[in-house]
Amino acid sequence: MRNELDQLRSRMAEITDLRNTAHLLEWDQQTMMPPRGGASRAESIATLERIRHDMFVSAETGRLLDAAAGELDGADSASDDAALVRVVRRRWDKARRVPTELAAEIARAGSIGQEAWVRARANNDFDAFAPYLTRNLELARRYVDCFDTFDCPYDVLLDDFDPGMATADVTRLFDELKAALVPVIGEVAQHADRVDDGPLHGTFPVERQRQLVFEVVERMGFDRAGWRIDDAVHPFATGLGSQDVRITTRWDEHFFASALFSAMHECGHGLYEAGIDSSLQRTPLGSGESLSVHESQSRMWENMVGRGRAFSGVLAPRIAELFGGSVADLDATSLYRAVNRVEPSHIRVEADEATYGLHIVLRFELEQEMIEGRLPVAEVPEAWDARFKEYFGLEVPDPAHGALQDVHWSAGLIGYFPTYALGNLIAGQLWEKAHADMPDLEAAIGAGELSGLREWLRENVHRHGAKFSTPELLQRVVGHPIEVAPFVRYLRAKLSDVYELDLP
Ligand code: ZN
C-alpha cells in the first residue's frame, strides 16, 4: 500500500501545474506582453504565488509528508519516491517559515521591478530604478528574517538557488578562482595584439542569423515539436515540463556572436529540462535542482562546445556561406581565436571566459553588503564603479554599463549570481569526465555530431532532475565535490592555444 505517497504526488502535481502557469506568465511578460500589461501581470503572478504557497505550506502537505515517509519502507535513497519525500520535506521546511503574504509580495514586486528596470536601463537612469531595488532588498531582508537556521543572511538567499551551498564555501572557491584567473588575464593582456576579433563585427542580416541559430540549436537537440525560440531583451530559458521548452535570444545586426552564443547557452538550459525523466514530470523533481548545475549545462554548450576549436570547424564554413562579404573567407582558426579573445569589458553576458568570473565576484560582494545593510542603494553605482575600476582597470561610462546592466536585482533574484561562476567550475569537472568517458568526443564535435555529448549529459545529469543536490550529483558523476582546478586547466589550455602562449 502506498496510498499516502500517491496523495503526496497528486498534491505536488497540482502545485507544479501552478508553478508552470506562473512560468508561462513570466515567459509571456518577457517575450510577448505589451509594455502597459505590466501592472495587471504583476497581480496575476502574485495571486498564483499566493495560492501555490498556501497549498504547499499547508499542514496537509506536512501530514502527507510524514505518512509518505512511513510508506517508503527502506526504499533506496536514490529512488524517485525517496527523493520526492526528501526534496519536498526540505522545501516545505523552508517555505512554511515564510508568510504567504510575503511570498506573494516578493513575486509581485519582482514582476513590477522588471518593468521598471527595462525603462530605467533604456534611459540610463539608476535613480529611477533605486526605489524598486530598495523594495526588493527590504523584502529579501524580511525573507531572511524568517530563518534562524543559517550562519549569515546571504546563506538564506543562496540556498534558494543552490540548496546547501554556503556563503563561506563560495567565498573560498571564488578566492581560489580569482587567484588563478588574475595571472592568466595579466599574461594574455601582454599579448593582446595576437588575437583579432574583427571577423565578428560587420553586417549580418538578422534573417540569416536566425537560420544559423536554428541550424546550431537543432544539432544540439532543439526540436520544433517540443520547443520554441523567441526574442527577449535579456535571454533566458524556461521549461513547462520536458515537452514544452522555451528558449530566447537577442539579435545584433553588427555582431552575430551575441545571438548565436546566447542561443547555445539557453539551449543548454533547455536540454536539461527536456532531458528529465518522464517519471519525474509534474513533481518538484521535474526541473533542475540547483542553478549552478543548470548553469554548468548552458556554459558548457556556449563556451566549451560553441567556442571550442572543434566546433569552430563546423561554424566557420556556414558563417562564411550565410553572410559572405567580410567573412566570405572565414576559416576555423580565425573564428576560434576571435570568439576567445580576452578583454576586460563592462557587460557580464558578453565577457570572455577568463574575465567572466570577476564580474560574478563583484556582484557576489556587493550583494552581501546590500543585504547586510552595509551598502545603501543610493551608493550602489559609486561602489560598483570603484570596484570595477579595481578589478578590471576600467572606468564605467554610465549605469547601463554598470549597476543597471542585469535583470536580476529588479526581479528580486538576490543570491543568484554566484551560480553562474559555480556553473563554470562544474562545467569544467563534467567536461573533463565526458572526455575521459568518450575519447572521440572532440572528433565527433568537429564532425558536427553533438548527440554523444547530449546523451552523456542526459544519462549523468539531466534525467535526475532535482533528485540530487550539487554535491550529491558531482559525487555520483565525477567522484569529487565542486572544485576550481579542472575549469582552470581547461581555460589555461584553451588560452595557451588561442594566444600561442605557455600559460603559468
Ligand atoms: Zn544561464
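Residues numbered from 1 in each chain as written. Predicted model: local features only at pLDDT ≥ 70, side-chain atom pairs only at ≥ 80, totals over all residues. Heavy atoms only, no water.

## Here we look at the coordination of the zinc ion
Right, on to step 1. Every protein donor of the zinc ion is accounted for by His265 (NE2), His269 (NE2), Glu295 (OE) and Glu295 (OE), and the metal-donor separations fall at 2.1 to 2.6 Å.
Right, on to step 2. Sequence spacing of the donor residues for the zinc ion, all on one chain, is H-x3-H-x25-E. Linking His269 in helix 10 (residues 256-274) with Glu295 in helix 11 (residues 291-305), this pair joins segments that are 26 residues apart in sequence. Grouping residues by exposure puts His269 and Glu295 together as buried. (Donors = N, O, S within 2.8 Å, 3.2 Å for Na, K, Ca; no water. Helix = DSSP H or I, 4+ residues; strand = E, 2+ residues; numbered from the N terminus. Buried < 20%, exposed > 50% of the residue type's maximum accessible area, 1.4 Å probe, protein only.)

## Considering the side chain of Arg307
Right, on to step 1. Tracing the backbone shows Arg307 in the loop between helix 11 and helix 12 (309-323).
Right, on to step 2. For Arg307, the side chain forms a polar contact with the main-chain oxygen of Val339, separated by 3.3 Å.
Right, on to step 3. The contacts of Arg307, once residues within four sequence positions are left out, are Phe261, Glu302, Tyr336, Val339, Asn340 and Lys494. (Polar contact = N/O pair within 3.5 Å; in protein donor to acceptor, adjacent residues only side chain to side chain. Contact = heavy atoms within 4.5 Å.)

## Focus on the domain arrangement of the chain
One widely used convention gives an interface's size as the accessible area the parts lose upon coming together.
Right, on to step 1. Along its sequence, the chain is carved into domain 1 (4-149) and domain 2 (167-499).
Right, on to step 2. Averaged C-alpha coordinates put domain 1 and domain 2 at centres separated by 26 Å.
Right, on to step 3. Taken together, the 41 residues of domain 1 in the interface contact 44 residues of domain 2.
Right, on to step 4. Across the interface of domain 1 and domain 2, roughly 3700 Å² is buried in total on both sides, 62% from carbon and sulfur atoms.
Right, on to step 5. The interface formed by domain 1 and domain 2 holds four salt bridges in total.
Right, on to step 6. Residue Glu289 is joined to Arg90 by a salt bridge in which the shortest nitrogen-to-oxygen separation is 2.4 Å.
Right, on to step 7. Breaking the side of domain 1 that touches domain 2 down by element, the ones donating at least two residues are helix 1 (3-31), helix 4 (80-95), helix 5 (100-122) and helix 6 (126-144).
Right, on to step 8. Per-element accounting of the side of domain 1 that touches domain 2 gives the leading share, twelve residues, to helix 1.
Right, on to step 9. Classifying every residue of the side of domain 1 that touches domain 2 gives 19 nonpolar, twelve polar and ten charged. (Domains from an automatic or database assignment. Buried area = accessible area lost by both parts, 1.4 Å probe. Salt bridge = Lys/Arg side-chain N within 4 Å of Asp/Glu carboxyl O. Nonpolar A, V, L, I, M, F, W, Y, C, P; charged D, E, K, R; others polar.)

## Some thoughts on the pairing of strand 3 (residues 245-249)
Right, on to step 1. Of all the five residues making up strand 3, five are buried; the element is thus mostly covered by neighbouring parts of the structure.
Right, on to step 2. Going residue by residue along strand 3, you find Val245, Ile247 and Thr249 tucked away on one face and Arg246 and Thr248 tucked away on the opposite face as well.
Right, on to step 3. Where strand 2 (residues 237-239) and strand 3 come together, three bridges link them in antiparallel fashion. When the sheet's bridge partners are listed, Ala237 is paired in strand 3 with Ile247.
Right, on to step 4. From the end of strand 2 to the start of strand 3, which pair antiparallel, there are five residues, and Gly241 there has a positive phi angle of about 90°. (Pairing = 2+ DSSP bridges.)

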